[in-house]
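Observations on chain architecture
The residues making up each chain are set out below.
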Amino acid sequence: LSVLFQLMLPLSAYGAEIVSPDARLIKDELIVSTGLVLDDKNLNDLKNGISKELTFHVDLFRVWKTWPDEFISGKKFVRTLKSDPVKKEHVATSFDGSTIIEKRFRDFDSMLRWTLSIKDLSLLNIRELEPAGYFVRVTVESRIRNLPHVIGYMLFFVPEKDFRVTKDSPAFNAGGVR
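Throughout what follows, the structure given in this document is the object of discussion. (Residues numbered from 1 in each chain as written. Predicted model: local features only at pLDDT ≥ 70, side-chain atom pairs only at ≥ 80, totals over all residues. Heavy atoms only, no water.)

Let's shift gears to the overall build of the protein chain. Scanning the protein chain from N- to C-terminus turns up four helices and ten strands. For the protein chain, with 178 residues in total, the buried portion stands at 40%. Per element, the accessible surface of the protein chain, about 11100 Å² overall, is 56% carbon and sulfur. (Helix = DSSP H or I, 4+ residues; strand = E, 2+ residues; numbered from the N terminus. Buried < 20%, exposed > 50% of the residue type's maximum accessible area, 1.4 Å probe, protein only. Areas by Shrake-Rupley, 256 points an atom, 1.4 Å probe, with all protein chains shown as cover.)

Another point: the packing of aromatic side chains. One pass over the full model with this rule turns up three aromatic pairs. Aromatic pair Phe61 and Phe135: ring centres 5.5 Å apart, planes at 10°, arrangement stacked. One end of the pair, Phe61, is in strand S3 (residues 52-62); the other, Phe135, is in strand S8 (residues 132-143), and 74 residues separate them in sequence. In this pair, the class of Phe61 matches that of Phe135, namely buried. With 6.0 Å between their ring centres and 45° between their planes, Phe105 and Trp114 make a pair best called tilted. We classify Trp114 as partly exposed; its relative accessible area is 22%. Clustering of aromatic rings is evident, with ring pairs tying together Phe61, Phe71 and Phe135. The side chain of Arg79 reaches across the aromatic face of Phe77, ending 5.5 Å from its centre. For Arg137, the ring lying beneath its charged end belongs to Phe61, and the centroid distance is 4.8 Å. (Phe/Tyr/Trp six-rings, centres within 6.5 Å; stacked < 30°, edge-to-face > 60°. Lys NZ or Arg CZ within 6 Å of the ring centre and 35° of its normal.)

With that settled, consider the nonpolar core. Ranked by internal contacts, the top residues of the largest apolar core, which has 35 residues, are Leu30, Leu36, Leu60, Leu123, Val136, Val140 and Phe163. Examining the composition of this core, we find that five residues originate from one element, S8, more than from any other. Other than its neighbours up to four places away in sequence, Leu30 contacts Ala23, Arg24, Leu25, Leu60, Leu121, Ser122, Leu123, Leu124, Ile126, Val136 and Phe172. (Core = buried A, V, L, I, M, F, W, Y, C linked by side-chain atoms within 4.5 Å. Contact = heavy atoms within 4.5 Å.)

By the element assignment, Asp120 lies in strand S7 (residues 117-125). For the pair formed by Asp120 and Asp22, sequence separation is 98 residues and the distance between their alpha carbons is 9.2 Å. Residues within four places of Asp120 in sequence aside, it is in contact with Arg24, Ile31, Val32 and Ser33. Here the side chain of Asp120 touches Arg24 through a polar contact of 2.5 Å, side chain to side chain. (Polar contact = N/O pair within 3.5 Å; in protein donor to acceptor, adjacent residues only side chain to side chain.)

Okay, helix H2 (residues 40-47) next. Within the span of H2, buried status applies to Asn42, Leu43, Asp45 and Leu46. On an axial view of H2, the arc spanned by its buried residues comes to 160°, and they lie on one face. Downstream of H2 by a residue or two, Gly49 has a phi angle that is positive, lying close to 100°. (Arc of directions from axis to C-beta.)

Right, let's get into the side chain of Lys52. Within the fold, Lys52 resides in strand S3. A distance of 3.4 Å separates polar atoms of two side chains, one belonging to Lys52 and the other to Asp45. Dropping the residues within four chain positions of it, Lys52 is found in contact with Asn42, Asp45, Leu46, Arg79, Thr80, Leu81, Ser142 and Asp162.

Turning our eyes to something else, we now look at unusual backbone geometry. Negative phi is the rule for most residues except glycine; trans is the rule for most peptide bonds. Phi is positive for Lys27, close to 55°, though the residue is something other than glycine. Checked against the element boundaries, Lys27 lands in the loop between strand S1 (17-26) and strand S2 (29-37). Unusually for a residue other than glycine, Asp120 sits at a positive phi of about 50°.

Right, here's the structure in full:
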């Protein structure tokens, strides 16, 4: 009974925090840099050998005054972190939808630096945009388990995500031919 009660408690994004998304316009490209800082619980889980799957969504939105903000473009990255405390080896993978990169680390902190940051991501060419106000939204979620869809619908009270955090960049003007 107590296990069922604990599964029904809502999860919080306690401690996991997105480093402020930095959106820069360089020539005709929108360049984004961001990162994630994990809380102590997630760091201890990783150090004790529990693997984590983090999904990063970096999305561009157009600001509208009376309508909801419009999704323009985005990129998704799935990053997996695995630690072996016995071998003192750490493995991280990054998948962007077409390319998978796997790296092995001896140092836990260097694995975190590589896996939890996105540096100088070219999101899109701003010439394709209409002149308007835009912002970048970064969303990171950590999945606990992947349940089959049918079981997920029946056991809707069992959480599938450890945390989900979102942060927006400051608005900026872009678009058109410069």
